[in-house]
Every structure is written in structure tokens, then in C-alpha cells.
Amino acid sequence: MQDLAGIDVQRLRISRPIPYRQVAASALLLAFLAFVAHAFWVGAIEWHYVSDYLFSAPILKGVRGTIVMTVCAMVIGIVLGTAVAMMRMSANPALRWAATGYIWLFRGIPALLQLLLWFNLALIFPTISLFGFFPVNTVDVMTPFVAALLGLGIQQGAYTAEVVRSGILSVDRGQMEAAQSIGMTRLRAMLTIVLPQAMRVIVPPIGNETIGMVKLTSLASVIQYSEVLRTVGDVYYANSRVIELLIVAGIWYMVIVTVLSIGQSYIEKYFSKGWGRAADVPKALSDGPAAMGAA
Amino acid sequence: MSPILQAVHVQKYYGAFQALKDVSLSVDRGEVVCIIGPSGSGKSTLLRCASQLESIDGGVIAVDGEIAGFRRSGDTLVPLSDGQTARQRQNVGMVFQRFNLFPHRSVLENLLEGPVRVQKRPAEDCRREAMALLERVGLTAKAASYPNELSGGQQQRVAIARALAMRPKIILFDEPTSALDPELVGEVLSVMKELAKSGMTMVVVTHEIAFCREVADRVVFMDGGAIIATGSPEDMIVRPQNPRVASFISAVL
């Protein structure tokens, strides 16, 4: 061990060596990006097609279709999922079985297959009626929009149910008991006390699923619903600029997903009310029951 | 005058395990009853049955003369609906070992949740009453804080105020100081003493023998799911008559 006695500690300086590894990694990354950029530059991509079509009417119609379908399918998925999650945790066995069966069925069948089944429902039920009343032709009702909405929304409900259930399970049992002790019914306690706290756990995976749904809507192109992938396809069948128009679609997906991600962080902030600032008050500062007098 | 809380021959099973064996207890208006005993003796289970967080498998519990959880039809007890049970629970305040404040609501909102949203009393009256309760537990300055910003002792005082805000006929305390750091126990006990002095009917499950001795009108000793002995603090703690009570007291003091 070196003796510090003979050293003038005041004169010592800590050296900052050049971080060679970081420099090397940065250089490699830049080289890779340059390679990719160069490939796109020399590749036979006519970039002006991308800018020409990015905001063209048919593409924007497709973008609108994608957004509308995402929102509607997620609303159905969340409402259905919340109800099914509560059913699955019910004391009533019939409700539990129904919920379990629903999740088993709609999580088990591929989404694309479900879309095709709904879209082709007319093959087995030419007309639909309410117990014989209000008969309608299935073909008229089961438009591409309705088929895609049912297919995507109902299968989403099966996934969301499990997300919501895990959120509910994450809330301490004592919360339900405390809510009941101030006279709340189980349903009310679930809706006003347990679920709002469960949202902290539920929102991040739901955000994930919503982003998944944005891209899952592209399956609806198969049943002629005009979302962005389909409208892009309609254009490139006519002008053969396949890659350019796929890039257009890719850009729009990225835009939608980016906006959703930003929205998610705001929603998470809202539901973290009462958390995050945990116990920044030192215990020693706890003010005694002063108004009580010394007891 | 009928007792506020009456438990008669109460039986409670968890599967094959009998948690309460033929428990009978009666608490009069304004009385403070402390329940002591080793862990697993059924003290908390009795409170949880009285507050209808657990159902009972035999006997009857009545709050202010009204059978809890059931409607009597001749010799048959018909279970009440969730809504009716919830209405009955409003009469019975509960203070939990782990506070169970609503973390997503501020302190004041915790106090208002019951009276405003459940009992539908006028919001302005409730707010005034809630602030008075916070003053009573010494936490007026914390009205806008969230539970996680408070110490354990402060949280438990808020929980007591929350129970009081419902204007219950009786308050049940389930080991209210067991989850607290030792230096915070005193502030909660002093709130409870003031409450006892004010005439509140209280049943307290606790390990704070000194508190029982000072505040209780009656001390109940439970072991193995049954009430073994009951008597004045003098007879139960200072000079325990029953040998099992005596050995418990000497072990915890």
C-alpha cells in the first residue's frame, strides 16, 4: 500500500481518458446509417412519388380508415375486456365459465381467420333477425367495416380481459374491504376504488395493444375495408410504384404510433395520481395530534 | 336499551378449520371493549364478521338490533343482497391494521368518499364536518396531501377520521397500531383515547396492553377461536383471575 504522507494531495488531478470504446461504437453506428442511407439513395426509389402521394386524397382516406378502425375496435375491446375480466373474477360460476370460454375461443383463433369468418357470415346465415323480428340480409349488414370491427374488437376484448384482470389483481385486497366498510357495494367499489388504481398497471399494456391494433387493422385490407394499406395498394396496382407507396403507408403508421405513444405517457401520468411522490415526508416530521392536547 | 353490537353463538369456518367457536359478545352504547389474545385466536375474524367483510356460518350478529347480513323470515335467515349489506355496513366503522386509505384520493377526498358519494349527504356540510374531523385528529394541514405522502401514524389517524365521517354507530379497530413504527404508536392511541372519552362505542383488537388497561371498560380474552374470559381491566390485566389469561399477560408485558 502506498503511503499518502509524502504526497501533496492538493496537486493531484484525476485524468479523463478518451472513451475509445464509445468513439468506436459511435463511428460504427454512423457508418451503418450512412450505408442504409446510401442504399436508399442509389436504389430505384422515386422519392417524389412518396411526397406526391403522402397527402393525396385516397391515402388520407385510408389513414382515416385505419384511425377510425383502431379507435372503434379498441373501444369495443376495452369495454368488453373490462366486463369479461370482472365476470371472470365473479363469485357466480356461470359468469366465470362464460368469461373463460370467451377468452379461450377468441384468443385461440387467428385474427385474420376471425375477420374472414365474420365477413362471410352470410354463407351460413343469409338473413339475421331478432327472434324472427326485424329480418335483414346479412350481406347488407356485414359490410367490410362491421366485419372488421367485430373481428378485431371481439378478439381484442379477449386479450384486454386478461390485462384488466391482472390490473385488478395488483390492487391490494384491503382497498375493496375499506371501500365496503364505508358502505360501497362490490360493483361500486370495483368501479370507483379498485379499477382507477388498477389503471396504473393496465394502461402500459393497453397502450401496447393499441399500437398493436393500429397495425392489426391492416388485416382488414383482406376483406376490402379501406384502411391505409388497402388504399396504398389500390394506387400501386395502377401506377406500379410499389415500394414508394409502401413507404408512404409506413410513414403514416409511424406517425399514428408516435402520436399514440405521446398520448399514452399523458394517460399514465394522470392515473399515477397519489403515487410517485411516495413518502418524501420524513417520518420524524409527522406532526402529532396537536389539537388533541397531550393525552 | 339494546346493545349496539350483539354476537350470539357465532360460528365461522375456513374450510375445515373453525375460526370462531360459539362466540357470544355484547357491546353496549358508549362502551369500549378491547379484545386481546395470541395471534390466530380469532380476534380479527370476529371483527371482520361484525363488519360483514366475512360471512358467518352459524349464530347471529346484530348491530343496533338489526340482524347483520340476513333478513329473518320465521326461523329462516335469508341472506341480504349486496346493496342491503352495503347499507348496513355504513353503521359499522372499520379501522384496518394496514390503514387501507385510497391512495388515488387526497386525504380530504378519502373522508368525503363515503358521506358524499355513498350516503349522498350535502357536499358542503360533509366538507365542513370532514375538516372538523381532520382537526380532531390533528391533520388539518394535510387535507390536500395524498396518503403516500404521510407517515404511517398520520395515515392511521386519517383512516380513523374516514371511519368517523360515516357517523357510524360503532367503530371496530383491527390491530390499528401493529403496522406502525414504535414511535408513531402513541399519536394513534391518543386519538383513540380521545374518541373513547367522547363516548364512541368501540371494539379494539390490540396488543397494546397498557392501552386496554387505561381505556377499556371491558377486556375480552380470546384463544383458539373462542372467548376464554371477559372482565374489567383490573380483573383481566392487573390481577388476571384466569390462568391462561395470566400467562398471556405475563408473556406480553
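Our structure is the block above this text.
Residues numbered from 1 in each chain as written. Chains lettered and ligands numbered in written order. Predicted model: local features only at pLDDT ≥ 70, side-chain atom pairs only at ≥ 80, totals over all residues. Heavy atoms only, no water.

### Overview of the side chain of K193 of chain B
Residues and elements named next belong to chain B.
Alright, step 1. Inspection of the secondary structure puts K193 in helix α6 (residues 182-197).
Alright, step 2. Residue K193 is classed as buried on the basis of its relative accessible area of 17%.
Alright, step 3. The contact partners of K193, leaving out residues within four places of it in the chain, are F211, E214 and V215. (Helix = DSSP H or I, 4+ residues; strand = E, 2+ residues; numbered from the N terminus. Buried < 20%, exposed > 50% of the residue type's maximum accessible area, 1.4 Å probe, protein only. Contact = heavy atoms within 4.5 Å.)

### What to know about the sheet that holds strand β5 (residues 66-67) of chain B
Within a sheet, neighbouring strands are paired by backbone hydrogen bonds and run either parallel or antiparallel to one another.
All names here are of chain B.
Alright, step 1. Strand order across the open sheet formed by four strands is β2-β1-β4-β5, with antiparallel pairing between neighbours. Only two strands of the sheet have a single partner each, and these edge strands are β2 (17-27) and β5.
Alright, step 2. The pairing of strand β1 (residues 5-14) with β2 spans seven bridges and is classified as antiparallel. From the neighbouring strand, Q6 faces β2, where its bridge partner is S26.
Alright, step 3. On top of the sheet, helix α1 (residues 43-50) reaches β1, β2 and β4 (58-63); it is set at about 65 degrees to β2, its chief contact. (Pairing = 2+ DSSP bridges. Axes fitted to C-alpha atoms, helices over the stretch in contact; angles between N-to-C directions.)

### As for the sheet that holds strand β8 (residues 92-95) of chain B
Residues and elements named next belong to chain B.
Alright, step 1. If you walk across this open sheet you meet the six strands as β8-β9-β10-β3-β11-β12, and the pairing is mixed. Of all the strands in the sheet, the pair left with one neighbour each is β8 and β12 (226-231). Looking at each pair of strands side by side, their axes are set apart by 20 degrees on average, direction ignored.
Alright, step 2. By the bridge criterion, four bridges tie strand β3 (residues 32-36) to strand β11 (residues 218-223) in an arrangement that is parallel. When the sheet's bridge partners are listed, C34 is paired in β11 with V219.
Alright, step 3. Contacting β3, β8, β9 (170-174), β10 (202-205) and β11, α1 crosses the sheet at an angle of about 145 degrees to β9.
Alright, step 4. α6 contacts β3, β9 and β10 of the sheet and is inclined by roughly 150 degrees relative to β10.

### Comments concerning the packing of helix α8 (residues 173-181) of chain A against helix α9 (residues 186-216) of chain A
Helix packing geometry: the angle between the two helix axes and the distance between the axes.
Residue and element names in this part refer to chain A.
Alright, step 1. The contact between α8 and α9 brings their axes to 9 Å, and the two run at 135 degrees. The pairing of α8 with α9 is recorded here as oblique in orientation. Of the two elements, α8 crosses α9, and the hand of that crossing is right-handed. From α8, Q175, M176, A179 and Q180 reach across to α9, where they touch R186, A189, M190, I193, V194 and Q197.
Alright, step 2. Per-class residue counts for the contact of α8 with α9 are six nonpolar, three polar and one charged. (Parallel < 35°, antiparallel > 145°, perpendicular 65-115°, else oblique. Left-handed = near helix turned anticlockwise from the far one by under 90°. Nonpolar A, V, L, I, M, F, W, Y, C, P; charged D, E, K, R; others polar.)

### Here we look at the packing of helix α5 (residues 152-165) of chain B against α6 of chain B
Residue and element names in this part refer to chain B.
Alright, step 1. Put simply, α5 and α6 touch, their axes get as near as 8 Å, and they point 20 degrees apart. Classified by the angle between their axes, α5 and α6 sit roughly parallel to one another. The two elements α5 and α6 cross, and the hand of that crossing is right-handed. Within the contact between the two elements, α5 uses G152, G153, Q154, Q156, R157, I160 and L164 and α6 uses L184, E187, V188, V191, M192 and L195.
Alright, step 2. Broken down by class, the residue content of the contact of α5 with α6 amounts to seven nonpolar, four polar and two charged.

### Points about the environment of I160 of chain B
All names here are of chain B.
Alright, step 1. Its location among the elements puts I160 in helix α5.
Alright, step 2. Residue I160 is classed as buried on the basis of its relative accessible area of 0%.
Alright, step 3. Spatially, the C-alpha atoms of I160 and V92 are 12 Å apart, while their sequence positions differ by 68 residues.

### Here's the deal with the interface of chain B and chain A
By a widely used convention, the size of an interface equals the accessible area lost when the partners come together.
Alright, step 1. In this assembly, 41 residues from chain B lie in contact with 37 residues from chain A.
Alright, step 2. At the boundary of chain B with chain A, total buried surface from both sides reaches about 3,300 Å², with 57% on carbon and sulfur atoms.
Alright, step 3. Three residues stand out in chain B for area buried against chain A, namely H104, N148 and E149 of chain B, and they jointly supply 18% of the buried area on that side.
Alright, step 4. The interface formed by chain B and chain A contains one salt bridge.
Alright, step 5. Among the salt bridges present, the one from R48 of chain B reaches E177 of chain A, with a minimum N-O distance of 2.6 Å.
Alright, step 6. Summed over the shared surface of chain B and chain A, the number is seven residue pairs in polar contact (both at pLDDT 80 or more).
Alright, step 7. Where the side of chain B that touches chain A is concerned, the elements lending two or more residues are α2 (82-89), β8, α3 (107-118), α4 (123-136), α5 and α6 of chain B.
Alright, step 8. For the side of chain B that touches chain A, the element with the highest residue contribution is α6 of chain B, accounting for five residues.
Alright, step 9. The class makeup of the residues in the side of chain B that touches chain A is 15 nonpolar, 10 polar and 16 charged. (Buried area = accessible area lost by both parts, 1.4 Å probe. Salt bridge = Lys/Arg side-chain N within 4 Å of Asp/Glu carboxyl O. Polar contact = N/O pair within 3.5 Å; in protein donor to acceptor, adjacent residues only side chain to side chain.)

### Observations regarding the environment of Q155 of chain A
Residue and element names in this part refer to chain A.
Alright, step 1. You can see Q155 is positioned in helix α7 (residues 144-170).
Alright, step 2. Assessed through its relative accessible area of 5%, Q155 is described here as buried.
Alright, step 3. It is 8.1 Å that separates the C-alpha atoms of Q155 and Q114, two residues lying 41 residues apart in sequence.
Alright, step 4. Ignoring anything within four residues of it in the chain, the contact list for Q155 reads F106, A111, Q114, L150, M213 and L216.

### Quick look at the pairing of β8 of chain B
Residue and element names in this part refer to chain B.
Alright, step 1. Judged by which residues are buried, β8 turns out to be covered on both faces: V92 and M94 on one side and G93 and V95 on the other are all buried.
Alright, step 2. Two strands pair when backbone bridges link them, and β8 and β9 are joined in this way by four bridges, in the parallel orientation. What sits directly across from G93, in β9, is I171.

### Considering the pairing of β9 of chain B
Residues and elements named next belong to chain B.
Alright, step 1. Counting buried positions over the five residues of β9 gives five, a clear majority of the element.
Alright, step 2. Neither face of β9 is exposed, since I170, L172 and D174 on one face and I171 and F173 on the opposite face are all buried.
Alright, step 3. For β9 and β10, the ladder comprises four bridges, and the chain directions are parallel. From the neighbouring strand, D174 faces β10, where its bridge partner is V205.

### Details of α4 of chain B
Structurally, the α-helix is built with 3.6 residues per turn, so residues lying three or four positions apart point the same way.
All names here are of chain B.
Alright, step 1. Along its 14 residues, α4 runs 20 Å from first to last C-alpha, staying within 8% of the 20 Å computed at 1.5 Å per residue.
Alright, step 2. For α4, the full list of buried residues reads C126, A130, L133 and L134. Angularly, the buried residues of α4 cover 100 degrees about the axis, an arc narrow enough to put them on a single face.
Alright, step 3. In the core, the buried residues of α4 are packed alongside α3 and α5. (Expected span 1.5 Å × (residues − 1). Arc of directions from axis to C-beta.)

### Brief notes about the state of the cysteines
Residues and elements named next belong to chain B.
Alright, step 1. Summed over the entire model, instances satisfying the criterion amount to zero disulfides over all chains.
Alright, step 2. For the unlinked cysteine C34, the closest cysteine sulfur is that of C212, found at 3.7 Å.
Alright, step 3. We classify C212 as buried; its relative accessible area is 0%. (Disulfide = S-S within 2.5 Å.)

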